[in-house]
Amino acid sequence: MSATEAATHLRENPFSLARTQLQRVGETFGVDPNLTTILADCKKTVEVSVPVAMDDGTTRVFEGFRVVHNVTRGPAKGGIRYHPGLTRDEVKALAMWMTWKCALMGLPFGGAKGGVVCDPKILSSGELERLTRRYTTEIINEIGPEKDIPAPDVGTDSQVMAWIFDTYSMNVGHSVLGVVTGKPLSIGGSVGRDGATARGVLYCIRTALQKEGRRFPDTRVVIQGFGNVGRNLARLLSEEGARVIALSDTKGAVVNQYGIDVPAAIAHKAEHAVLEGLPGTEDATNDDLIELECDVLVPAALEQVIRVDNASRVRAHMICEAANGPTTPAADEILEDRGILVLPDVLANAGGVVVSYFEWVQGLQEYFWKEYEVNAKLNDIVVRAFEETWSARERFGTSMRTAAYGLAVQRVAEATTTRGLYP
Ligand code: NAD
């Protein structure tokens, strides 16, 4: 059995993992068990069927979800994922992580997530548009600028957000900019949103390096995933002078110990749809990539890629989780015992939701900011959250993950106590 097959075999239920994390954090930070019990469940899970007229004249029915985990601190916020392997429990876990992420960043949002079980790569643009519009219509009573605000995630992009915005707006009779974030600039998107998640990752890595008196030019980075986050991060890192020594996509990895020419990699991927065969690099597998010796390993693809079966072979000095949930709790313990610093997802990849918040604020005010303002405010929020997490880690003698989750859970728990349990 290859490591990738083993990964599929070993894949644990993501919602159980998210609950295990919450349980551990609740105990470490002394959160009232009654509150942990409330937070261990999602407020609302909606499952819809999405019939779509396909180009070949047949009708296919897709399964869709929208899950709200918590709205104690404000409207729910969370992306929409189009992926063939999507499950309800995965969406629930992702919704819970969004609650912690928003709370850690100090945003006035709760957590949500949604998605449709489909492979967007094999759908035509027309099929994708009909699927998106029907899915939006099915969840139209769940979403809204004061209720629940979707955004892009794996397999969705600004065009999908534009269709959601248009479908919602046509139904209510006027344009509602605040219903969705990650929109194209021409219809009320925010400058800086596209690269925001990667930029947040960059700020986290930079702050962590500074703690050790290091800088980007002496840093070797490995990135798994070359989509919105991985590609933008590779570009930003190479602009900062870091050496990006490996990149990957679903087809596999490309490696050059002396540093990959990132603009050439972006052009190669655009032309050939894969990184494989990038001149000046050697091909490798995604499993090899996780085990490469480097200063910073950035998983920027899917969940559970660092597991109990490969955590002891990770040779990175630091892991920065651009993807959501890339490390299982058991692997986390191994990494912690080995002294590998892990910057957790709720901190590392929060740049996207921070700029989504900026987009929502700009949409409500119909007043748009300049890119340097967006980036400067993003830097302030991410670095503040990093420093708060770093000091909680030192105060409680724990990992960055437990510290980040601890701060977030404490904030949501405090808001719940202050509001009181309804009725
Ligand atoms: P994307 O769909 O744009 O890109 C995903 C990339 O991962 C693609 O290059 C794909 O080829 C690669 N990939 C998929 N499966 C893989 C595998 N098994 N091995 C290696 N590579 C694989 O998605 P994205 O928006 O870049 O999101 C990536 C991760 O970051 C996800 O976990 C997502 O939840 C998280 N995230 C994204 C944002 C955002 O703003 N886009 C925000 C926060 C977190």
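A brief look at the structure comes next. (Residues numbered from 1 in each chain as written. Predicted model: local features only at pLDDT ≥ 70, side-chain atom pairs only at ≥ 80, totals over all residues. Heavy atoms only, no water.)

**Quick look at the packing of aromatic side chains**
Move 1: Tallying each qualifying case throughout the model produces 7 aromatic pairs.
Move 2: Here the aromatic rings of F358 and W369 are separated by 5.1 Å at their centres, their planes lie at 50 degrees, and the arrangement is tilted. In this pair, F358 is assigned in helix α13 (residues 351–365) and W369 in the loop between α13 and α14 (371–396), connecting sequence segments 11 residues apart.
Move 3: Ring pairs connect the aromatic residues F109, Y357, F358, W360 and W369, which therefore count as one cluster. (Phe/Tyr/Trp six-rings, centres within 6.5 Å; stacked < 30°, edge-to-face > 60°. Helix = DSSP H or I, 4+ residues; strand = E, 2+ residues; numbered from the N terminus.)

**Examining helix α15 (residues 400–419)**
Move 1: End to end, α15 covers 29 Å across 20 residues, agreeing with the expected 28 Å (1.5 Å per residue, within 8%).
Move 2: Positive backbone phi, at 85 degrees, marks G420, one or two positions downstream of α15. (Expected span 1.5 Å × (residues − 1).)

**Points about the nonpolar core**
Move 1: Core analysis: the largest hydrophobic core is formed by 91 residues, its most contacted members being W100, I223, L247 and V298.
Move 2: Sorting elements by how many residues they give to this core places helix α4 (residues 88–105) first, with 12 residues.
Move 3: Setting aside chain neighbours within four positions, we find W100 in contact with L22, L39, H69, V346, Y405, A408, V409 and V412.
Move 4: Judged by nonpolar contacts, the second largest core, of 27 residues, contains V116, L128, I143 and L177. (Core = buried A, V, L, I, M, F, W, Y, C linked by side-chain atoms within 4.5 Å. Buried < 20%, exposed > 50% of the residue type's maximum accessible area, 1.4 Å probe, protein only. Contact = heavy atoms within 4.5 Å.)

**A short note on the site of the ligand**
Move 1: In the vicinity of the ligand lie 23 residues, with R81, T197, F226, A301 and N324 positioned nearest.
Move 2: Take F226: an N or O atom from its main chain is 2.9 Å from an oxygen atom of the ligand.
Move 3: Here A301 contributes a backbone N or O atom positioned 2.9 Å from an oxygen atom of the ligand.
Move 4: Compared with its free state, where it exposes 820 Å², the ligand has 83% of that area covered by protein.
Move 5: Elements supplying a minimum of two residues to the shell around the ligand: α8 (228–239) and β7 (243–249). (Near = heavy atom within 4 Å. Polar contact = N/O pair within 3.5 Å; in protein donor to acceptor, adjacent residues only side chain to side chain. Areas by Shrake-Rupley, 256 points an atom, 1.4 Å probe, with all protein chains shown as cover.)

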